[in-house]
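So the chains spell out like this:
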Amino acid sequence: MEDNIKFNLNAIEQTLADYKKNSIYDGVVIAKREDGVIFNIGGKSDAFIRKEDFKNYNDIKIGDRFKALVLGTKTEDGMIEVSKSDAEDIISGSIKAEALKVGSTFIFVVNSYNDYGLISKLGAYKIFIPKEQIDTKIHHMGYYKTKQLEAIVLEINKDKKEIVASVRMLKEQIKENAENLFWNAAFLGKKVVGKVVKIMPYGAFVDLNGVDAFIHISDVSYKRIKNPNEVLCVGNEYEFRIIKLDQATKKVSVGLKQNNEDPKITAIKSLKFSEVYEGEVIKILPFGAIILLENGAQGLLHVSDATQKNDKRIYEIVKLNDKVKVGVKSISDDNTKVNFWLY
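Residues numbered from 1 in each chain as written. Predicted model: local features only at pLDDT ≥ 70, side-chain atom pairs only at ≥ 80, totals over all residues. Heavy atoms only, no water.

**Remarks on the packing of aromatic side chains**
- For the coordinates displayed, the defined rule picks out ten aromatic pairs.
- An angle of 75° between the planes, with centres 6.2 Å apart, marks the rings of Phe54 and Phe66 as edge-to-face. With Phe54 in the loop between strand E3 (47-50) and strand E4 (65-74) and Phe66 in strand E4, the pair connects residues that are twelve residues apart, well separated along the chain.
- Among the residues examined, Phe54 registers a relative accessible area of 9% and is labelled buried.
- By the ring-pair criterion, three or more aromatic residues cluster together here, those being Phe39, Phe54, Tyr57 and Phe66.
- One residue, Lys32, lies across the ring of Tyr57, its end atom 4.7 Å from the ring centre.
- For Lys84, the ring lying beneath its charged end belongs to Phe66, and the centroid distance is 5.3 Å. (Phe/Tyr/Trp six-rings, centres within 6.5 Å; stacked < 30°, edge-to-face > 60°. Helix = DSSP H or I, 4+ residues; strand = E, 2+ residues; numbered from the N terminus. Buried < 20%, exposed > 50% of the residue type's maximum accessible area, 1.4 Å probe, protein only. Lys NZ or Arg CZ within 6 Å of the ring centre and 35° of its normal.)

As structure tokens, then:
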């Protein structure tokens, strides 16, 4: 077994105190226990790696060589603890950091913050996001701690292993790109998916993948509603239709009800000239009455179509809430209006 283990315990004469916390050392597994391995990193005192630190502990063998990070704590039997997985993460992160250039984007997790900005690590590199380069909507930097963010590189100092980056600038670039894509492809009537971000009594604000839009309460539903929250919910996505566009002012209006045909038009489309329908008088006008049919269609019964006498007033022929029978006289080309004659 000793012939298979290629390491020299006398190669580096250092004591436990010489091991630097958060430093990475090469080493070799010299013993395997139920709770972990004894790992020699060249000094007089051995280190220890816990079983949980390995992805597959059963594959680890005496004589395996790899790098480990000094954690700075000791076990009950006096061995310093090191970590193989932490060393791999740092090495992997450093490789990613070395590949970054000014203008590159990367993802990181915020470790801490100070009065000047956010702080993180990418391998051996320190990441710093200046306060003015954070999202301007958030005023307390503690909000970002432990959160995963994406940023664009502003400066790289490879000698000091420091990277200065911006979250705000990346968001602005993403928003600008999204707006350009939207306006290049936008047209009236186009279906778009948007997320409701705020609801007001008169309408709701919608995010169209980075482009701000507005839906008026009158365009939410064909039914009469008192508040958009009867149909819409903040945070939910819906399929809307673009109903107004103004690129000069960057204003976009969308509608939800426009995805479906107006039920009144559908009702009028179903009417036949040869049929007689029963309806109710719902409004009296100087020149006629509005009739609502059982299928939801409503139209005008002109006084001239209710009687052949020229001196008759409509209120002398029908009254509000009367049940009447009518036939279809005419329907507009767009199926929005219908005229009846009294049966």
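From this point on, the discussion continues.
**Some points on the environment of Val167**
- Turning to its location among the elements, Val167 is positioned in helix H2 (residues 167-185).
- Placed 24 residues apart in sequence, Val167 and Lys191 show a C-alpha to C-alpha distance of 31 Å.

**A look at the sheet that holds strand E11 (residues 162-166)**
- Across the sheet, which stays open at both edges, the six strands sit in the order E6-E10-E11-E9-E8-E7 with mixed pairing between neighbours. Among the strands making up the open sheet, the edge pair consists of strand E6 (105-109) and strand E7 (112-114). When the angles between neighbouring strand axes are averaged without regard to direction, this sheet yields 40°.
- Strand direction decides the pairing type here: strand E9 (residues 125-130) and E11, joined by three bridges, are parallel. Bridge pairing links Lys126 to Glu162 in E11.
- Along the sheet face, H2 touches E6, E9, strand E10 (148-157) and E11 and points at about 110° away from the line of E10. (Pairing = 2+ DSSP bridges. Axes fitted to C-alpha atoms, helices over the stretch in contact; angles between N-to-C directions. Contact = heavy atoms within 4.5 Å.)

**Some details on the pattern of salt bridges**
- Taken as a whole and assessed by the stated rule, the structure comprises 15 salt bridges.
- When the shortest N-O distance is used, the salt bridge between Lys323 and Glu280 registers 3.5 Å. A residue pair is termed long-range when its members are at least 10 positions apart, and Lys323 in strand E20 (residues 323-331) and Glu280 in strand E17 (residues 276-285) qualify at 43 residues. (Salt bridge = Lys/Arg side-chain N within 4 Å of Asp/Glu carboxyl O.)

**Overview of the nonpolar core**
- Residues Phe182, Leu208, Ile215, Leu232, Phe240, Val252 and Val254 are the most contacted members of the largest nonpolar core, which totals 21 residues.
- Listing elements by their share of this core, those giving two or more residues are H2, strand E12 (191-200), strand E13 (203-208), strand E14 (211-216), strand E15 (237-246) and strand E16 (251-255). (Core = buried A, V, L, I, M, F, W, Y, C linked by side-chain atoms within 4.5 Å.)

**Some points on the pairing of E13**
- Pairing geometry for E12 and E13, over five bridges, is antiparallel. Bridge pairing in E13 links Ile199 to Ala204.
- What sits between E12 and E13 in their antiparallel hairpin is a turn of two residues.
- Here E13 pairs with E14 via six bridges, running antiparallel. When the sheet's bridge partners are listed, Phe205 is paired in E14 with Phe214.

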